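Here are the chains, one letter per residue:
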Amino acid sequence: MSDLVRLDAASLAAEIAAGNLSAVEVAEAHLDRIVATDDRVHAFLHVDADGALTAARAVDERRSRGEELGPLAGVPLAMKDVVVTRGLPSTSGSKILAGWRPPYDATVSARVKAAGIVMLGKTNMDEFAMGSSTENSAYGATHNPWDLSRVPGGSSGGSSAAVAAYQAPLGIGTDTGGSIRQPAAVTGLIGHKPTYGGVSRYGLIAFSSSLDQAGPLTRTVLDAALLHEAIGGHDPADSTSIDAPLPALVTAARDGARADLSGLRVGIVRELSGEGYEPGVLAGFAAAVTLLTGLGATVTEVSCPHFSYALPAYYLIAPSECSSNLARFDAVRYGLRVGDDGVRGLEEVMSLTREAGFGAEVKRRVILGTYALSSGYYDAYYGQAQKVRTLISRDFAAAFADCDVLVSPTTPTVAFPLGARVDDPMAMYAADLCTLPASLAGTPAISVPCGLSDGLPVGLQIMAPAQADDRCYRVAAAVETAVAGRDGRPILAAAPPV
Amino acid sequence: MPSISREEVAYLAKLARLAVTDEELDTFAGQLDVIIGAVARVGEVAADDIPPTSHAVPVVNVLRPDVIRPSLDRDEVLALAPAAEGGRFRVPRILDEPE
């Protein structure tokens with residue numbers, strides 16, 4: 001493996017800006033790494049080598065003309081396939097969109113390109129982002145670079161595996177109930193779910209519109225902040241986009257790296273612990289709390305009583321929204337059409353197409369959402385879940401009156417074996433236990449590696465109030481520094497070579 | 001007693017335009033029964049006087065200026081459709097009688 005691919009994004013950008021490395025050689029090194037490893041990892045659904053090299057040459061030409069380059073110019077990126085990219089396959093992990101090459105770019109894609117970031121290709125994911133293991137992809141599972149017999153998390157498991165396997169230093173994921181943070185935790189990466197409305201949803205293939213958010217997956221906190229600043233901020237094309245400047249995320253990450261959290265009030269959420277949590281995860285979390293205390297933070301325990309209901313509320317709200325969103329796959333305007341023999345009517349063609357194009361988990365959620373929204377059940381299920389959502393937001397508000405950030409494990413377990421949960425939906429859903437409250441409340445949360453359990457990474461989740469994403473980055477950077485100081489190396493350095 | 005029957009699942013699949021197979025119905029009915037049993041726990045929370053949240057971050061309708069701007073290219077979009085004819089999407093038969 002070329003040493004070049006071990007560099008983080010900030011270092012690569014600095015070397016490119018200084019002329020010590022060309023963007024083309026950086027892109028080539030990562031493309032070579034993909035060729036050398038992706039038969040085992042299967043992080044990518046589509047590698048766009050020509051496009052990547054063209055984008056890299058453009059960066060090198062701009063530099064040779066003396067143009068000012070952005071802080072990530074020339075750095076390679078792995079893009080989750082749920083984000084549409086003009087002219088490139090964008091399947092969202094589904095057969096129903098096989099062969100579709102969208103006629104436009106998502107705002108996230110456009111901003112990545114405008115920043116001079118070099119997109120290497122599109123990464124695997126659970127179909128329509130529904131899953132926690134990437135096994136629900138229509139195109140085969142992705143393998144965790146730490147242990148190829150285990151899952152890389154999901155739904156952004158292609159991006160997490162790509163970044164953890166040094167195929168790219170930057171990854172884009174999307175998080176509806178934990179799909180950035182959980183993959184980050186089980187692959188030893190940083191993953192941040194922005195405040196809802198902080199990153200444009202324009203051009204994300206919609207799953208649950210009141211929850212979906214795109215965000216960074218990286219190997220360092222600073223890289224995550226740099227990528228978040230590149231893709232975030234107001235977008236008139238998304239009516240739920242927040243019309244206010246982003247907090248100073250890169251500044252917060254640099255400030256946190258000085259490893260001083262004096263005066264910071266940290267709350268441990270009592271409800272995100274206990275039964276169902278692996279001892280190794282709880283030990284890693286306890287060690288992280290010790291680090292926070294050592295960094296000068298004041299740590300107390302807080303209770304958020306309604307967090308226990310986040311899982312049932314989420315698995316009513318998200319399927320309800322998905323059953324509505326996926327109605328757009330009607331076999332008329334794009335994607336698959338099955339059974340159109342000139343005799344069958346529209347309704348039958350539509351039903352045959354959706355039957356052939358959707359996988360089992362998508363069908364389960366569409367049926368569940370249809371049930372929860374149907375008359376007679378609406379108040380008891382969807383309506384009641386929305387009220388619980390209010391109560392979860394109130395729990396956060398009460399906790400943030402006394403705490404600057406809240407912490408918990410990111411996941412109840414380390415990466416589980418491939419196949420272990422595919423036939424048991426409720427066991428799969430339990431992987432989201434800790435990440436769901438922040439999703440429902442629309443608040444930002446980050447996962448940062450804090451330890452190992454039987455040789456597999458454990459993530460610490462740091463949650464902050466809405467639009468205080470900078471706190472997540474500051475605290476995560478301090479933990480990152482403290483962990484490296486404690487262990488003598490970053491967590492990811494413990495991963496065996498792929 | 002299950003909270004959802006195989007027949008109900010079949011009806012919901014029809015509403016959702018999913019031509020599910022008999023095997024799928026057997027599997028989904030059992031799984032959905034377990035899932036609905038679990039998510040029904042939201043009913044344990046006393047929330048009669050609690051307002052529902054649809055979006056966690058307050059949003060209001062956003063209007064854009066009413067000006068003409070380029071749309072997607074028609075030919076490019078139609079080339080991506082499963083079937084097109086005469087500059088339009090071609091749809092399967094929508095009336096009862098074949099022509």
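Computed from a predicted model, the values in this text were never measured in an experiment.

Caption draft 1: Broad picture of the overall build of chain A. A tally of helices and strands in chain A yields 16 helices and eleven strands. Taken over C-alpha atoms, the radius of gyration comes to 21 Å for chain A, in line with the 23 Å a tight globule of 498 residues would show. Once the C-alpha set of chain A is aligned to its principal axes, its extents read approximately 70 × 55 × 45 Å. Considering only contacts in chain A between residues 6 or more positions apart, those separated by 24 or more positions represent 77%.

Caption draft 2: The pairing of strand β8 (residues 298-302) of chain A, seen in detail. Residue and element names in this part refer to chain A. Relative to β8, strand β7 (residues 265-269) runs parallel, the two sharing five bridges. Within β8, the residue paired with Val 269 across the bridge is Val 302. Following the backbone out of β7, through helix α9 (residues 279-294) and into the adjacent parallel β8, one traces a crossover that is right-handed.

Caption draft 3: Spatial organisation of unusual backbone geometry. Residues and elements named next belong to chain A. Of note, the amide linkage connecting Gly 154 to Ser 155 takes the cis form, showing an omega dihedral of 10°. Position of Ser 155 among the secondary structure elements: in the loop between β3 (118-123) and α5 (157-164). Despite not being glycine, Ala 129 has its phi angle at roughly 70°, a positive value. Along the chain, Ala 129 falls in the loop between β3 and α5.

Caption draft 4: Inspection of the interface of chain B and chain A at higher detail. Taken residue by residue, the interface counts 47 residues in chain B and 58 residues in chain A. For the side of chain B that touches chain A, the elements supplying multiple residues, two or more each, are α1 (6-15), α2 (22-39) and α3 (74-79) of chain B. Ranked by residues supplied to the side of chain B that touches chain A, first place goes to α2 of chain B with seven residues. In terms of residue class, the side of chain B that touches chain A is built from 36 nonpolar, five polar and six charged.

Caption draft 5: Examining α2 of chain B more closely. Between its first and last C-alpha atoms α2 of chain B spans 25 Å; for 18 residues at 1.5 Å apiece the expected length is 26 Å, and the two agree. Turning to α2 of chain B, its buried residues number three or more, namely Phe 28, Gln 31, Leu 32, Ile 35, Ile 36 and Val 39 of chain B. Where α2 of chain B is buried, its residues touch α10 (310-325), α12 (360-373) and α14 (425-429) of chain A together with α1 of chain B.

Caption draft 6: Region of the structure containing the pairing of strand β9 (residues 405-409) of chain A. All names here are of chain A. Of all five residues making up β9, five are buried, and the element is well covered by its neighbours. Sheet topology places β7 next to β9; three bridges connect them, and they run parallel. Across the sheet, Ile 268 pairs through a bridge with Val 407, a residue of β9. Relative to strand β11 (residues 456-463), β9 runs antiparallel, the two being bridged by four bridges. Bridging across to β11, Pro 409 finds its partner in Leu 460.

Caption draft 7: Quick look at the nonpolar core. All names here are of chain A. Counting 187 residues, the largest nonpolar core has Leu 77, Val 118, Ile 462 and Ala 476 as its most contacted members. No other element matches the nine residues that α10 contributes to this core. Filtering out sequence-adjacent residues up to four positions away, Val 118 remains in contact with Ala 23, Ala 27, Ala 52, Ala 55, Ala 56, Gly 74, Val 75, Pro 76 and Leu 77.

Caption draft 8: Summary view of the packing of α9 of chain A against helix α16 (residues 469-487) of chain A. All names here are of chain A. Where α9 contacts α16, the axes come no closer than 10 Å and their chain directions differ by 105°. What the angle tells us is that α9 and α16 run roughly perpendicular. Residue-level inspection shows Ala 288, Leu 291 and Gly 294 of α9 in contact with α16, the latter providing Val 479, Ala 482, Val 483 and Arg 486. For the contact of α9 with α16, the class distribution of residues is five nonpolar, one polar and one charged.

What counts, and at which threshold
Residues numbered from 1 in each chain as written. Chains lettered and ligands numbered in written order. Predicted model: local features only at pLDDT ≥ 70, side-chain atom pairs only at ≥ 80, totals over all residues. Helix = DSSP H or I, 4+ residues; strand = E, 2+ residues; numbered from the N terminus. Rg over C-alpha atoms; globule rule 2.2 N^0.38 Å. Contact = placed C-beta atoms within 7 Å. Pairing = 2+ DSSP bridges. Right-handed = clockwise from strand over helix to strand, strands pointing away. Nonpolar A, V, L, I, M, F, W, Y, C, P; charged D, E, K, R; others polar. Expected span 1.5 Å × (residues − 1). Buried ≥ 20, exposed ≤ 12 C-beta atoms within 10 Å, placed from the backbone. Core = buried A, V, L, I, M, F, W, Y, C linked by C-beta atoms within 7 Å. Axes fitted to C-alpha atoms, helices over the stretch in contact; angles between N-to-C directions. Parallel < 35°, antiparallel > 145°, perpendicular 65-115°, else oblique.

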